[in-house]
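# A structural walkthrough
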Amino acid sequence: MTSTTDSAAAGTALEVRALTKRYGARAAVEDLSFVCAPGTVTGFLGPNGAGKSTTLRILTGLARADEGEALVGGRAFRGLAQPARTIGVMLDARALHNGRTGLETLRLTARTVGMPASRADEVLETVGLGEAGAKRVGGYSYGMRQRLGIGVALIGDPAVLVLDEPANGLDPEGIRWMRRLLRSFADAGGTVLLSSHQLREVEATVDRLVVISQGRLVREGTLEELTGVAGTRVGALDLPALRAALDAQGIAHEERGGGELIVSLAPEDMGRLALREQLVLTSLAESHGTDLEEVFFTLTGQHEGDAPRGAPGAATAPAASDHAPAPIR
C-alpha cells in the first residue's frame, strides 16, 4: 500500500453532527453525533436496523439528512471538489461490473477520478489481485470482490476510508491482510470508519468504537474504555450501599449486569473495603475486562439469538445488505 501522507487531504477527520433522517414517521437516525479522528480506525457497530447504513449513505452523499450534517474534512461529501481523492468508499462490493476485468475496473476508476493508469496496477498489487487482474469480475469469489472493492476505495489515494463489512468473504489470510492494511493506513495519518457485524475482527482491528441502536448513539470511546480494564467483579446484597461506599472513596466502578460491579481495585482491597463498611458480598473475583460481544449485547439490548455475525452461534455467510448497491467512484 502507498502512504497516505502525501494525499491531498491528509489529516482529514469525519464528523457527524446531530444527524437525523426520517422515513415517514420512523426515524432511521436521530440526533446522532460522533467524530473519527485522523490516525484512528473506528468501528461502527449496531444491530440490523440501527441506522448504520443510513448514516454511511448520508456521509458518502447517497442520501440527504433531514437535520444535522455529516462532514469530511469540514465539508459535506457533495461539496468536495474531488471526492474520491479525499474519501475512499466501499459500501457494497457486489455492485462491481461483472463484465470488466479487475484491472479494467481499477483503470476506469483511476481515469474517472483523475489518477494515472499506473495507479490501477499499483493498487491491484496492494489488494493481492495481481495474478487475477485479467480475470473478469463475474468469475471472482466473494472474497476477491471484497479485495477489489477495497482497491476501488483506495484508487484516489484518499485520506479517509469508509468501509462496510470489508471482512465478509475473506479467508483468514485475507482478514490478516485487511487488518495490516487498515492499521498501516491509519498509522500514516489516515482516518478509517469500519462498519461490521464481525465483532471479533472489529476487536482485533479498531482502536475506537461508535455503538448505535435504534438510530441513536449509545456509547463511543476507545476499545479499552468500552471493554473495561482489569479489576474486580463484585456483587453485594445491598448494591446501592456498595456503590455509595465506592463513590465516597472516589473508586471507579461500572455496572455489568446481574447485580455486579466492575471495580478498579484488587480483590483483596475490595474485600477489606467491604469488611470496613460492613457490606455483605455475594461475589468477588478478579476481572480481566469484558469482551466486545458482551459489551455489544449489553449496550444494544440484543440477545444471543440475535447475535451479529462473528458472535457465538451467528451465521458466517454474508447476508444481504440493508442498503442499495453503491455506485463505483
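Definitions and cut-offs
- Numbering of residues starts from 1 in each chain and follows the order in which that chain's sequence is written.
- Per-residue local features are limited, in this predicted model, to residues with pLDDT of at least 70; the limit for side-chain atom pairs, both in listing and counting, is 80 or more; totals at the level of whole chains, interfaces and linings are taken over all residues.
- Calculation of side-chain values draws on the structure's entire complement of heavy atoms; hydrogens and water are dropped beforehand.
- Helix and strand definitions follow DSSP, with helices as H or I runs of at least four residues and strands as E runs of at least two, each counted in order from the N terminus.
- We call a residue buried when its accessible area falls under 20% of the maximum for its residue type, exposed when it is over 50%, and partly exposed in between, using a 1.4 Å probe and counting protein chains only.
- Here the open area of atoms and residues is found with the Shrake-Rupley method and a 1.4 Å probe, where only the protein chains shown may cover a residue.
- Confidence scores labelled pLDDT are given residue by residue by the predictor and lie between 0 and 100.
- Contacts are assigned to residue pairs that have any heavy atoms within 4.5 Å of one another.
- If DSSP finds at least two bridges between two strands, the strands pair.
- Where helices are involved, their axes are fitted lines through C-alpha atoms of the stretch in contact, as for all axes, and angles between N-to-C directions lie from 0 to 180°.
- Put simply, buried Ala, Val, Leu, Ile, Met, Phe, Trp, Tyr and Cys residues joined by side-chain atoms within 4.5 Å make one nonpolar core.

## Things to note about the overall build of the protein chain
Helix and strand counts for the protein chain come out as 11 helices and 13 strands. Sorting the 329 residues of the protein chain into buried and exposed places 51% on the buried side. Surface summary for the protein chain: the accessible area is close to 14,500 Å², and the carbon and sulfur share equals 48%.

## A few points about helix α1 (residues 52-59)
Of all eight residues in α1, seven are buried, a share of seventy percent or more. Taken residue by residue, α1 has K52, S53, T54, T55, L56, I58 and L59 as its buried positions. One or two positions beyond α1, positive phi appears at G61, with a value near 80°.

## A few points about the confidence of the model for the protein chain
Averaged over all residues, the pLDDT of the protein chain equals 86, while 86% of them reach at least 70. Predicted confidence for residues 1-10 stays below pLDDT 50, and this span has 25 contacts to residues more than four positions away or in other chains. The model gives residues 305-329 a pLDDT under 50, and that stretch makes 58 contacts with residues more than four places away or in other chains.

## A few points about the sheet that holds strand β4 (residues 67-72)
The sheet built from three strands is open, its strands ordered β2-β1-β4 with antiparallel pairing. Across the chains shown, the open sheet's two edge strands, defined by having one partner strand only, are β2 (26-36) and β4. Strand-to-strand twist of the sheet, defined as the mean angle between neighbouring strand axes without regard to direction, takes the value 20°. As judged from the seven bridges shared by strand β1 (residues 14-23) and β2, these two strands associate in the antiparallel manner. Along β2, the bridge assignment pairs V16 with F34. Across the sheet, α1 is in contact with β1, β2 and β4; its angle to β1 comes to roughly 115°.

## Notes on the nonpolar core
L45, L106, L129, L154, L161, L182 and L209 are the most contacted members of the largest nonpolar core, which has 50 residues in total. With seven residues, the top contributor of residues to this core is helix α6 (residues 172-187). If we skip the residues at most four places from it in the chain, L161 touches G88, A153, L154, L182, F185, T191, V192 and L193. Judged by nonpolar contacts, the second largest core, of 26 residues, contains V16, A63, V72 and V210.

## Focus on unusual backbone geometry
The backbone phi angle of A18 is positive, close to 45°, even though this residue is not glycine. With respect to the helices and strands, the residue A18 is situated in strand β1. A residue is classified by how much of its surface remains accessible, and A18, at 32% relative accessible area, is partly exposed. Look at Q278: it is not a glycine, yet its phi comes out positive at around 55°. According to the relative accessible area criterion, Q278 is exposed, its value standing at 72%.

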